Amino acid sequence: EAQVTQNPRYLITVTGKKLTVTCSQNMNHEYMSWYRQDPGLGLRQIYYSMNVEVTDKGDVPEGYKVSRKEKRNFPLILESPSPNQTSLYFCASRPTRILSVGELFFGEGSRLTVL
Amino acid sequence: DQQVKQNSPSLSVQEGRISILNCDYTNSMFDYFLWYKKYPAEGPTFLISISSIKDKNEDGRFTVFLNKSAKHLSLHIVPSQPGDSAVYFCAASPLNNNDMRFGAGTRLTVKP
């Protein structure tokens, strides 16, 4: 089954304790990205990656890091989480297409609470 | 700077009637527009899209209309069904594909 898998789905942590949210896709997609969803703000892009070893900042990259060492994996790293990073996080992927925009395939989300 | 706006946080309609969800955008560089549907505890799923060279795209009960001059698009669901109850996100992207922007979402409730 084609899917984007995120882990953990739920996490409560404390300020300053480093954490990683993993993301893996089995569709051989070149493009992967991370979004956070907050009330009234919709989905905002944190980082994206066009392919292996290529990453770029989205709208809200502060406080986050990513890496793309393999095509299927795109982990999101919070080096020193703060309460304003409490949010619902989505990983997404899509194939690269010429002269069109392919739809994103989303994971089920990771709800993070930072105390 | 919200370049994609969904000004109605919620919408309630009766089963069998039409649901109309609206979306406005400010960036004239957007070339593609998409609608995603999200159920609780799930990720958003793609619903329908439209290119800026068209003004209408239809897929079963779902139709998206684009008015480029007004920078406005809408999603029509006819007839609405209780299973359509979800949050709907409007999204827009330029042709370079890297910068897909989402609206805040509209929660649709279809009452039996």
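See the structure above.
Structural notes, computed from the coordinates.

Scoring rules and cut-offs
Residues numbered from 1 in each chain as written. Chains lettered and ligands numbered in written order. Predicted model: local features only at pLDDT ≥ 70, side-chain atom pairs only at ≥ 80, totals over all residues. Heavy atoms only, no water. Helix = DSSP H or I, 4+ residues; strand = E, 2+ residues; numbered from the N terminus. Disulfide = S-S within 2.5 Å. Buried < 20%, exposed > 50% of the residue type's maximum accessible area, 1.4 Å probe, protein only. Salt bridge = Lys/Arg side-chain N within 4 Å of Asp/Glu carboxyl O. Polar contact = N/O pair within 3.5 Å; in protein donor to acceptor, adjacent residues only side chain to side chain. Contact = heavy atoms within 4.5 Å. 1 Å grid on protein atoms, 1.4 Å probe; cavity = no way out; pocket = protein on both sides within 12 Å on 5 of 7 lines; lining within 4 Å. Points joined across faces, edges and corners; volume = space filled by probe spheres on them. Buried area = accessible area lost by both parts, 1.4 Å probe. Nonpolar A, V, L, I, M, F, W, Y, C, P; charged D, E, K, R; others polar.

1. Focus: unusual backbone geometry
Here's step 1: Omega for the bond connecting N7 of chain A with P8 of chain A falls within 30 degrees of zero, at 0 degrees, which places this linkage in the cis form.
Here's step 2: Relative to the helices and strands, P8 of chain A is located in the loop between strand 1 (4-7) and strand 2 (10-13).
Here's step 3: With omega at -15 degrees, the peptide bond leading from V78 of chain B into P79 of chain B counts as cis.
Here's step 4: Looking at the secondary structure, you find P79 of chain B in the loop between strand 8 (72-77) and strand 9 (86-93).
Here's step 5: Notably, A41 of chain B is not glycine yet its phi reads approximately 65 degrees, a positive angle.
Here's step 6: Its place among the elements puts A41 of chain B in the loop between strand 4 (32-38) and strand 5 (45-51).

2. Here we look at the state of the cysteines
Here's step 1: Under the defined criterion, the tally for this structure stands at 2 disulfides over all chains.
Here's step 2: Put simply, C23 of chain A and C91 of chain A are joined by a disulfide, and their sulfur atoms are 1.8 Å apart. Around the S-S axis, the bridge from C23 of chain A to C91 of chain A shows a dihedral of about -75 degrees and counts as left-handed. Note that C23 of chain A is positioned in strand 3 (residues 19-25) and C91 of chain A in strand 9 (residues 87-94), a separation of 68 residues in sequence.
Here's step 3: Note on cysteine connectivity: C23 of chain B is disulfide-linked to C90 of chain B, with sulfurs 2.0 Å apart. A torsion of -75 degrees about the S-S bond marks the disulfide between C23 of chain B and C90 of chain B as left-handed. Residue C23 of chain B is located in strand 3 (residues 19-25), and its partner C90 of chain B is located in strand 9; the two are separated by 67 residues in the primary sequence.
Here's step 4: Of the residues examined, C90 of chain B reaches a relative accessible area of 0% and is grouped as buried.

3. Describing the pattern of salt bridges
Residues and elements named next belong to chain B.
Here's step 1: Tallied over the full model, the rule gives 9 salt bridges over all chains.
Here's step 2: Where D84 meets K37, a salt bridge forms, and the shortest distance between an N and an O atom there is 3.9 Å. Note that D84 is positioned in the loop between strand 8 and strand 9 and K37 in strand 4, a separation of 47 residues in sequence. You'll find D84 and K37 in the same group, each marked buried.
Here's step 3: The closest approach of N and O atoms between K56 and E58, which form a salt bridge, is 4.0 Å.
Here's step 4: Among the residues examined, K56 registers a relative accessible area of 43% and is labelled partly exposed.
Here's step 5: Take E58: its relative accessible area is 52%, and that puts it in the exposed class.

4. Looking at the side chain of R36 of chain A
Residues and elements named next belong to chain A.
Here's step 1: Within the fold, R36 resides in strand 4 (residues 31-38).
Here's step 2: Judged by its relative accessible area of 8%, R36 falls in the buried class.
Here's step 3: One polar contact links R36 to Y64, side chain to side chain, over a distance of 2.9 Å.
Here's step 4: Among the polar contacts listed, one links the side chain of R36 to the backbone oxygen of N84, at a separation of 3.0 Å.
Here's step 5: Discounting chain neighbours no more than four positions away, the residues touching R36 are G42, L43, R44, I46, V60, Y64, N84, Q85, T86, S87, L88 and Y89.

5. A short note on empty space enclosed by the protein
Any empty space left between atoms is shown by rolling a water-sized probe over those atoms.
Residue and element names in this part refer to chain A.
Here's step 1: If you walk through the whole model with that rule in mind, you get 1 cavity of 30 Å³ or more.
Here's step 2: Residue lining of the largest cavity: P8, R9, Y10, L11, L19, V21, S110, R111 and L112, and that is the complete set.
Here's step 3: Here the element with the most residues in the lining of the largest cavity is strand 11 (residues 110-114); it accounts for 3 residues.

6. Considerations on the interface of chain A and chain B
Here's step 1: The interface of chain A with chain B comprises 25 residues on the first partner and 21 residues on the second.
Here's step 2: Both faces combined, the contact of chain A with chain B buries some 1,900 Å², and carbon together with sulfur accounts for 55% of it.
Here's step 3: Inspection of the chain A/chain B interface yields 1 salt bridge.
Here's step 4: One salt bridge connects R101 of chain B with D59 of chain A, and the closest N-O pair in it is separated by 3.0 Å.
Here's step 5: Here chain A and chain B share 3 residue pairs in polar contact (both at pLDDT 80 or more) between them.
Here's step 6: Where the side of chain A that touches chain B is concerned, the elements lending two or more residues are strand 4, strand 5 (42-51) and strand 9 of chain A.
Here's step 7: Examining the composition of the side of chain A that touches chain B, we find that 5 residues originate from one element, strand 5 of chain A, more than from any other.
Here's step 8: Residues of the side of chain A that touches chain B, tallied by class, amount to 12 nonpolar, 7 polar and 6 charged.

Note that all results are geometric; they support no functional claim without further evidence.
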